[in-house]
Amino acid sequence: MFEFIQRFFGKPASSATAKERLRLVLLSDHLSLAPDVVESLKHDLLEVISRYCEVDVANCDVTFEQREKQVAMLANIPILSMRSRPAPPPPPAREPDPPQAAAPRPRRKRRKNLAGSTTAPAT
Amino acid sequence: MHELMQEAPATSAVPRKRGRAIVVTSGKGEVGNTTTTANTGAALGATGASVVLVDADVGLRNLDIVLGLEARVRHHVLDVLEGHVTLDDALVTDKRVPTMRLLAAAQTREKDDVDTAAFRDLISALRDRFDYVLIDCPAGIEKGFANAIAGADEAIIVCTPEVAAVRDADRVVGLLGDGRSVQLIVNRLRPELVRRGKMLSVEDVNGILRLPLLGVIEDAPDVIVSTNRGEPVALDPASPVGESYRQIAQRITGTLTGVPEIPRARSFFEKLFGGRK
Amino acid sequence: MSARRIVLTSGKGGVGKTTTTANLGAVLAKRGHRVVLVDADIGLRNLDLVLGVEKRIVFDIVEVVEGRCQLRQALIKDKRLENLSILPAAQTRDKTAITEMQFADVVRQLGEICDYVLIDCPAGIEHGFRNAIAGASEAIVVTTPEVSAIRDASRVIGKLQERGLPLRLIVNRLRPEMVRSGDMLSVDDVTDILSAELLGIIPDDEEVIDSTNKGEPIVLQPDSRLAAIYDKIARRLEGELVPFTTFGSPGFFARFFGKAS
């Protein structure tokens, strides 16, 4: 009977505690064991922040810390100055530009010289 | 550093006697090595002695999680050995046992990365600061084992009453050599199975190992519950397993002498009328 | 026609991995497959003991690699099951005695003379572990529903995935009554946390200790409930879809009015 009361008012079942602890500790373990992933994340993070401010890249630090109930990412990013307006995001396509794209400028010049030409500039 | 000084036991005012370094080993994995180290350490700490628990496993860290301190680990052994942080930065405190500290294992490297001589120096430095240095030894007998026993002049062998465990323990006794004092803890005894002849008895085990017996721990579900919660069973006043660990601690400190009692299966009448235990 | 080369691993030492390897090998042999068990431990032999062949070891894997004997000479045939053989572990502590390539080569050779090679992996994730997975084409991860075992299993799963090895999970030493009372993680909890496909569930059974003591795989005792469970695991390995044994679901009222078994 006492166990019945304890289950309602006492501690949660230990398996629930175990599951929650494992969730956190595995997250923490995997983060500490994937330095390349963390590096990529840090790189991308700095890239985004750099669009808004100038940062002291050499002294940036990104770590993961496990606390009692959560794993938190801590980023220490010294800011040197704010940009007057955010730089645009980099173009979405990551592949190198196709060769024709280098052509537009000469063609534009040609268009000025050839009034009435219907050649559209390559994008 | 400040914290450590504040919580150091009163004896620090007197010239400190050099602490004892004890490696807890077994050879075979999963005999309860880490749980034994954690609980023996907690029980020793609860007596007021200063204890540091060192997780000598590298790559597979578990002492922290058994103690429920996994969320407080910031640095580990290799960080200290490589000079990235000071020892005080790396030592984890336990609010439940103020005189106990944990030095966690590294996760990302392998045992070869630890220089045995450096590890020995670390243990020596710890002996100057703590009454007891307990080293949790990883399974197997490769470099991790060699590292763990470096600098420890005492050993506790943990063995379960199973043929494979006894064989590995026997092998480990041989590897520990003559220079060390070695004692035995028999873990996960099931007296009922011993009575039915389905399990080796403590006498069977020690007939082969021939070591001074430090303690016998019965198999009990509350050990699993305690690791689920990260609450060492040695700190649970109601737990019989906890009591076994407390007695082990008392034998280590010397306040308890005599041969440990071996749990026996309760007779029919004892079970009926709630006899012993 | 090459064999399936399966490494059994756990990260944490001895969560019942060696016993599982022995019993799984035995049940596969009973089902008519030719099976070779390989003990990949370095310096600490255990597979031979669990099978009761420890007194019959003449050569081990290191001697095979060093050319001091033929592979067939080192294999010990089980007296009870004609389809089952074991290649014992090295006695030496010297982990460099055998390289990954050499180990993989031995496993490949074994794969040509049998249907299943089961490699019992040593504890940890060091050299012995790397050797053991070097020869494998798939993996079985053995864990218990216990916090530190799961943590180590997770680590090992990460390493296996790095190598691209397909893997499945066996949850060993389950105590259904403790799961019911909330004192032990359930199988669902475990597969959830590890995100691994389940191969089998083995309940905690006191008979296992006795059988290990005697060196007789428990699956050879026909009335043992573990024999039936290992049989199911073998069938799943063979590709059959076999439902998992349910060990009782924790109904709300059952918790208060039901008895712990």
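Residues numbered from 1 in each chain as written. Chains lettered and ligands numbered in written order. Predicted model: local features only at pLDDT ≥ 70, side-chain atom pairs only at ≥ 80, totals over all residues.

Further remarks concern the confidence of the model for chain B. Residues and elements named next belong to chain B. A residue-level look at chain B finds 86% of positions with pLDDT of 70 or above and a mean pLDDT of 85. The weakest mean pLDDT in chain B belongs to helix 1 (residues 2–7) at 37; the strongest belongs to strand 4 (residues 100–103) at 97. Overall, residues 1–11 carries pLDDT values under 50, and its contacts beyond four positions in sequence, including any with other chains, amount to 11 contacts. The ipTM, which scores confidence in the relative placement of chains, is 0.73 for this predicted complex, and the corresponding pTM is 0.77. (pLDDT = per-residue confidence, 0-100. Helix = DSSP H or I, 4+ residues; strand = E, 2+ residues; numbered from the N terminus. Contact = placed C-beta atoms within 7 Å.)

Our focus in this paragraph is the sheet that holds strand 1 (residues 20–25) of chain B. Residues and elements named next belong to chain B. The eight strands lie next to each other as 3-4-2-5-1-6-7-8, forming an open sheet whose pairing is mixed. Looking at which strands have only one partner, the edges of the open sheet turn out to be strand 3 (92–93) and strand 8 (213–218). With six bridges joining them, strand 6 (residues 154–159) and strand 7 (residues 181–189) adopt parallel strand pairing. When the bridges of strand 7 are listed, Glu154 appears paired with Ser181. (Pairing = 2+ DSSP bridges.)

The next subject is the packing of helix 8 (residues 163–176) of chain B against helix 10 (residues 202–209) of chain B. Residue and element names in this part refer to chain B. The N-to-C vectors of helix 8 and helix 10 enclose an angle of 30°; their axes lie 10 Å apart at closest approach. For the pair helix 8 and helix 10, the sense of crossing is right-handed. Between helix 8, through Val166, Ala169, Asp170 and Val173, and helix 10, the contact on the second element is made entirely by Val205, Ile208 and Leu209. Residue classes in the contact of helix 8 with helix 10 are distributed as six nonpolar, no polar and one charged. (Axes fitted to C-alpha atoms, helices over the stretch in contact; angles between N-to-C directions. Left-handed = near helix turned anticlockwise from the far one by under 90°. Nonpolar A, V, L, I, M, F, W, Y, C, P; charged D, E, K, R; others polar.)

To continue, consider the sheet that holds strand 8 (residues 197–203) of chain C. All names here are of chain C. The strand order 3-4-2-5-1-6-7-8 describes an open sheet built from eight strands, whose pairing is mixed. On the outer flanks of this sheet lie strand 3 (76–77) and strand 8, each paired with one strand and no other. For strand 2 (residues 35–39) and strand 4 (residues 84–87), the ladder comprises four bridges, and the chain directions are parallel. Counterpart to Val35 in the pairing with strand 4 is Leu84. The strands touched by helix 5 (residues 100–111) are strand 1 (4–9), strand 2 and strand 5 (116–120); relative to strand 5, the strand with the most contacts, the crossing angle is about 150°. Together, strand 1, strand 6 (138–143) and strand 7 (167–174) form the strand contacts of helix 7 (residues 147–162), whose direction differs from that of strand 6 by roughly 170°.

Moving on, we get to the nonpolar core. When a protein is soluble and globular, its nonpolar side chains tend to lie buried together. Core analysis: the largest hydrophobic core is formed by 174 residues, its most contacted members being Ile135(B), Ile157(B), Val117(C) and Ile119(C). In contact with Ile157(B), other than residues within four places in its own chain, are Thr25(B), Ser26(B), Ala169(B), Val172(B), Val173(B), Val182(B), Leu184(B) and Leu211(B). (Core = buried A, V, L, I, M, F, W, Y, C linked by C-beta atoms within 7 Å. Buried ≥ 20, exposed ≤ 12 C-beta atoms within 10 Å, placed from the backbone.)

What follows is about the packing of helix 2 (residues 33–46) of chain B against helix 12 (residues 240–253) of chain B. Residues and elements named next belong to chain B. With their axes 8 Å apart at the nearest point, helix 2 and helix 12 run at an angle of 65° to one another. Here helix 2 lies roughly perpendicular to helix 12, going by the angle between them. Of the two elements, helix 2 crosses helix 12, and the hand of that crossing is right-handed. Of helix 12, the residues touching helix 2 (which contributes Asn39, Thr40, Ala43 and Leu44) are Tyr245, Arg246, Ile248, Ala249 and Ile252. Partitioning the contact of helix 2 with helix 12 into residue classes produces six nonpolar, two polar and one charged. (Parallel < 35°, antiparallel > 145°, perpendicular 65-115°, else oblique.)

The subject of this paragraph is unusual backbone geometry. The phi dihedral of Arg188(B) falls on the positive side, at around 65°, and the residue is not glycine. Among the structural elements, Arg188(B) can be located in strand 7. With a phi angle near 60°, Arg173(C) is a residue other than glycine that sits in the positive phi range. By C-beta crowding, Arg173(C) is classed as buried, having 20 other C-beta atoms within 10 Å.

Right, let's get into the interface of chain A and chain C. Many authors give the size of an interface as the accessible area that is lost as the parts come together. With 15 residues of chain A at the interface, the matching set in chain C holds 13 residues. Considering each element in turn, the side of chain A that touches chain C owes the most residues, 12 residues, to helix 2 (residues 14–32) of chain A.

A few words now on the pairing of strand 4 of chain C. Of the two faces of strand 4 of chain C, the one carrying Leu84(C) and Ile86(C) and the one carrying Ser85(C) and Leu87(C) are both buried. Remark: six residues form the turn of the hairpin made by strand 3 of chain C and strand 4 of chain C, two consecutive strands paired antiparallel.

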